[in-house]
Structures are given as structure tokens and as C-alpha cells.
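Notes for the structure review
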Amino acid sequence: IDQVFKVARIPAPGETVVSTGLSIVRGGKGQNQAVAAARAGASTIFIAAIGKDGFGGRTLEGLRDDRIDVSLVRLTSAPTGTALIAVAVDGENTIIVEGGANAALLGLTRADLSAIETADVLVMQLEIPLQTVAEAARAGRAGGTTVKEATVTGGGTRSDVWMQILADVCDARIVLRAGADAG
């Protein structure tokens, strides 16, 4: 979920600014790409972990509304991943991400692997544990699935070893500027 605050300008460290508006929208790179694929007509399965909270319920409802198969979504006690985004009138933004339930997507089930191995395309984000991303990429590659991974620039650090593993099994890498979610 993205909580987007409209502000006159991005606050300096330690400064408080007053928001002129708030939007709470479904978001996150993975969800945004799944919705885009489904709306473009692709049969789409979403493999993810979300919280058993209000944001999780809202997320599932929205995915179902977009005719996305959510049968492989795991519900966890951790909160649904959330981003707090401040967007200034000049378009500059700053983002704080709480991964929440995303961290619970450790290891893929046989059903997950089967869906990945039989898919035409697998699109992944680096907002879930890297070992899960690598496991999914390897399963996709083994099944003949086109594997795509989206890298976020300007975000947290990722191990060079993991990045090389991904480079070895991904057919394409999509580089996004940090904060470029469609929201």
C-alpha cells in the first residue's frame, strides 16, 4: 500500500511540514506490474506475502477486481508492506518503505514453482528476500519461462554475489529510478 502525502516541499531532516492531501492507494512495484499485465490482457498469477490486516484485505480485493489469480498469496501476521511517500509540488519525492510481510516470502511451494515453470514470463522485484528471487528465477529458467527482474536504483544495498546470480538467470533487467512506482 502506498500512502502518498502532497506537500509544498520535501522536509529537511528534523523538519515537519503540513500535508495538503493524502491518498492511500494500492501500490508496490510487483503489484503495479501485475495489475498492468492483467489490464493488458495477460493471465496473471500473483505470488506474494501480505498481512492479515486492513491493507492486506484491500490489496486482495483490488487484485481480484483486476482478475489476478491470488491463490498463491500467503497471508502472514506481519503487516502488509507499506510505503510512505511525500510528493512535492515540483514533483520531487521521498519514500520510506516498510517491507512488512514481504520478508515472509521465504521459500517457494510446489504450487509456486509449478506456476513459475509453466508461465510465459516471470517478472520479479527485489522487495522480497533475495534467496526467493533467485529460487524463482532458477525455476523459471529451468521451465523455459522468460525471466525479468526489476532493479531499483537509489535504494538499499544488495550483495554483489546475489546480483551476479540474478544476472546469470534473468533474460532482462528493468532499471527503475527509486520512487518510480505507478502508485
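See the structure shown above.
The structure reproduced in this document is the subject of the present report. (Residues numbered from 1 in each chain as written. Predicted model: local features only at pLDDT ≥ 70, side-chain atom pairs only at ≥ 80, totals over all residues. Heavy atoms only, no water.)

Considerations on unusual backbone geometry
Here the phi dihedral of R67 falls at roughly 60 degrees; this positive angle occurs in a residue that is not glycine. By the secondary structure assignment, R67 is in the loop between α2 (54-65) and β4 (74-76). (Helix = DSSP H or I, 4+ residues; strand = E, 2+ residues; numbered from the N terminus.)

Re helix α3 (residues 110-117)
Those residues of α3 lying buried are D112, L113, A115 and I116. All buried residues of α3 lie within an arc of 160 degrees about the axis, which places them on one face of the element. Contacts made by the buried residues of α3 are with β4, β7 (121-125) and α4 (130-143). (Buried < 20%, exposed > 50% of the residue type's maximum accessible area, 1.4 Å probe, protein only. Arc of directions from axis to C-beta. Contact = heavy atoms within 4.5 Å.)

Section: the nonpolar core
With 12 residues, the main nonpolar core is built from L108, L113, I116, L122, M124, L126, L130, V133, A136, A137, A139 and V147. Elements that contribute at least two residues to this core include exactly α3, β7 and α4. Per element, the largest residue contribution to this core is 5 residues, and it comes from α4. If we ignore the near neighbours within four places in the chain, the residues touching L122 are I116, A136, A137, T145, T146, V147 and K148. The next biggest cluster of nonpolar side chains, apart from the first, holds 11 residues, and it includes A34, A38, L63 and V70. (Core = buried A, V, L, I, M, F, W, Y, C linked by side-chain atoms within 4.5 Å.)

A closer look at the sheet that holds strand β5 (residues 82-88)
The 4 strands are arranged β2-β1-β5-β6 in an open sheet whose pairing can be described as mixed. Of all the strands in the sheet, the pair left with one neighbour each is β2 (21-25) and β6 (93-98). Across the sheet, the axes of successive neighbouring strands diverge by a mean angle of 15 degrees, strand direction being ignored. By the bridge criterion, 6 bridges tie strand β1 (residues 2-7) to β5 in an arrangement that is parallel. Its bridge partner lying in β5, F5 is registered against A86. (Pairing = 2+ DSSP bridges. Axes fitted to C-alpha atoms, helices over the stretch in contact; angles between N-to-C directions.)

Description of the pairing of β1
As defined by bridge partners, β1 adjoins β2 across 5 bridges and the pair is classed as antiparallel. Among the inter-strand pairings, V4 is bridged to a residue of β2, identified as S23.

Some remarks on the pattern of salt bridges
In the structure shown here, the tally under the stated rule is 6 salt bridges. The residue R26 makes a salt bridge to D66 at a minimum N-O spacing of 3.1 Å. In this pair, R26 is assigned in the loop between β2 and α1 (29-39) and D66 in the loop between α2 and β4, connecting sequence segments 40 residues apart. D66 sits in the buried class, given a relative accessible area of 13%. Connected through salt bridges with shared partners, the residues R26, R39 and D66 form a single ionic network. (Salt bridge = Lys/Arg side-chain N within 4 Å of Asp/Glu carboxyl O.)

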